[in-house]
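Inside the fold
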Amino acid sequence: MAAPQTTRPLTLITGGARGIGRILATGFAAAGYPVAITATDTARAQAAAAEIAAETSGTVTGFGVDVSQPDSVAALRGDIEAHAQATGVRLGVLINNAGRVESSEGPLWEADPASLVEVIGTNVIGPLLMINAFAPVLIATAEATGQPGRIIDLNSGSGAQGTPAYGAYSASKAALFRIADSVVHFGDEKGLKIFELAPGVIRSDMTASMPMHDWRTDADWTSPAELAALALAAGSGELDGWTGRYIRAGHDTAETLSQQIPAAGSQVRKLITEMDIR
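Residues numbered from 1 in each chain as written. Predicted model: local features only at pLDDT ≥ 70, side-chain atom pairs only at ≥ 80, totals over all residues. Heavy atoms only, no water.

Looking up the protein chain in an unreviewed UniProt entry gives the name SDR family NAD(P)-dependent oxidoreductase, with the organism given as Brevibacterium otitidis. Under Sequence similarities (unreviewed entry), UniProt gives the following word-for-word description of the protein chain: "Belongs to the short-chain dehydrogenases/reductases (SDR) family." (UniProt positions renumbered as here; feature names shortened; annotations may be inferred.)

Attention now moves to the pattern of salt bridges. For the structure shown, the criterion picks out eight salt bridges. In this structure, Glu118 and Arg100 form a salt bridge, with 3.7 Å as the shortest nitrogen-oxygen distance. Pair noted here: Glu118 is in helix H4 (residues 113–145) and Arg100 is in the loop between strand E4 (91–96) and H4, with a separation of 18 residues, a long-range link. Look at Arg100 and you get partly exposed, because its relative accessible area is 37%. Taken together, the shared-partner salt bridges in this structure form one network comprising Arg22, Glu51 and Glu55. (Salt bridge = Lys/Arg side-chain N within 4 Å of Asp/Glu carboxyl O. Helix = DSSP H or I, 4+ residues; strand = E, 2+ residues; numbered from the N terminus. Buried < 20%, exposed > 50% of the residue type's maximum accessible area, 1.4 Å probe, protein only.)

Our focus in this paragraph is the environment of Ala47. Structurally, Ala47 can be placed in helix H2 (residues 42–56). Along the primary structure Ala47 and Gly62 are separated by 15 residues, whereas in three dimensions their C-alpha atoms are 7.5 Å apart.

Applying the stated criterion across every chain, the model contains two aromatic pairs. Taken together, a centroid distance of 5.1 Å and an interplanar angle of 65° make the contact between Phe28 and Tyr33 edge-to-face. In this structure, Phe28 and Tyr33 share a single accessibility class: buried. Aromatic side chains Phe177 and Tyr246 sit 5.8 Å apart centroid to centroid with 35° between the ring planes, which places their arrangement in the tilted category. Linking Phe177 in helix H6 (residues 167–187) with Tyr246 in strand E7 (residues 246–248), this pair joins segments that are 69 residues apart in sequence. A residue is classified by how much of its surface remains accessible, and Phe177, at 3% relative accessible area, is buried. According to the relative accessible area criterion, Tyr246 is buried, its value standing at 12%. (Phe/Tyr/Trp six-rings, centres within 6.5 Å; stacked < 30°, edge-to-face > 60°.)

Turning to helix H1 (residues 19–30), a few remarks are in order. Spanning 12 residues, H1 covers 17 Å between terminal C-alpha atoms, matching the ideal 16 Å at 1.5 Å per step. Within H1, nine of the 12 residues are buried, which leaves it mostly tucked inside the rest of the structure. If you check which residues of H1 are buried, you get Ile20, Gly21, Arg22, Ile23, Leu24, Ala25, Gly27, Phe28 and Ala29. Directly after H1, the chain includes Gly32, whose backbone phi takes a positive value near 95°. (Expected span 1.5 Å × (residues − 1).)

Attention shifts here to the sheet that holds strand E5 (residues 149–154). Pairing in this open sheet of seven strands is parallel, and the strands run E3-E2-E1-E4-E5-E6-E7 from one edge to the other. Of all the strands in the sheet, just strand E3 (60–64) and E7 have a single pairing partner and so form its edges. Each neighbouring strand pair of the sheet contributes to a mean axis angle of 25°, computed without reference to strand direction. Across four bridges, the pairing between strand E1 (residues 10–13) and E4 is parallel. By the bridge assignment for E4, Thr11 is matched with Val93. (Pairing = 2+ DSSP bridges. Axes fitted to C-alpha atoms, helices over the stretch in contact; angles between N-to-C directions.)

The contact between H1 and H2 brings their axes to 9 Å, and the two run at 45°. Relative to H2, the element H1 lies oblique. Crossing handedness for the pair H1 and H2: right-handed. Facing H1, whose interface residues are Arg22, Ala25, Thr26, Ala29 and Ala30, H2 presents Ala48, Glu51, Ile52, Glu55 and Thr56. Classifying every residue of the contact of H1 with H2 gives five nonpolar, two polar and three charged. (Parallel < 35°, antiparallel > 145°, perpendicular 65-115°, else oblique. Left-handed = near helix turned anticlockwise from the far one by under 90°. Contact = heavy atoms within 4.5 Å. Nonpolar A, V, L, I, M, F, W, Y, C, P; charged D, E, K, R; others polar.)

Our next topic: the side chain of Thr38. Position of Thr38 relative to the elements: it lies in strand E2 (residues 35–39). Assessed through its relative accessible area of 2%, Thr38 is described here as buried. The residues touching Thr38, leaving out its near neighbours within four places in the chain, are Leu12, Ile13, Thr14, Gly15, Gly16, Ala17, Ala45, Phe63, Val65 and Leu76.

In terms of residue burial, strand E6 (residues 192–198) counts as a mostly covered element, since seven of its seven residues are buried. What you see with E6 is no split at all: Leu192, Ile194, Glu196 and Ala198 on one side and Lys193, Phe195 and Leu197 on the other are buried throughout. As paired strands, E5 and E6 are joined by six bridges and run parallel to one another. Each bridged residue has a counterpart across the sheet, and for Asp153 the counterpart in E6 is Glu196. Pairing between E6 and E7: three bridges, direction parallel. Bridged to Glu196 within E7 is Tyr246.

The structure is reproduced here in structure tokens:
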């Protein structure tokens, strides 16, 4: 028989030192979850972790990782497993937040090639490697505790509907839907849930770099509190009926989603393209 979960599980958030990742880290830490955040620079991750811990009176730890590199992700898994063993708290939530956008708007053939590689490396290869490394850990947690392991991908309206000005970014976010399909197909019966969470339009370094947002007024931005609340609902199990599907902060709430859980096998909030091929 699985042992009951007596404490909140460890939540691992990539890119948690700033921007949306920091909003999520702060929200989970304030809600009593032990949190591990990453940045490409270990010192920066540790400094941000200390700041978030002081702000929330929570337990936050920082680690360095380059999510686009297999060896770096493998090393992070070792660090997280050691941390879990030392603290006695299992990993239960993985948030794939680290992300990049092209350095400029416009045609793909006018973009900096290095920028395109970075976008796909961070936004697609990163989640693939993180799921590859940590899904077995989450499944083991599910087996040991009887509580599902949960993955939250930071997706975007650019993935669901497309943003032509940012071709690589849109492609990277659309790819996450297909990755989620596979996670559900192979992981659902093993206690693995996954959510495609769009944060709405959050003020961040990334959105500040995108001219497409220049017209927005204060009323157009999604509040950090709305984002944190929806992520916490997904991470806690309130929204397990939405596994493999798209949810959006600023539009959806835990309450509205709980009232309209999709039927099993339906294509609601999935990336589906209808093609009549003859």
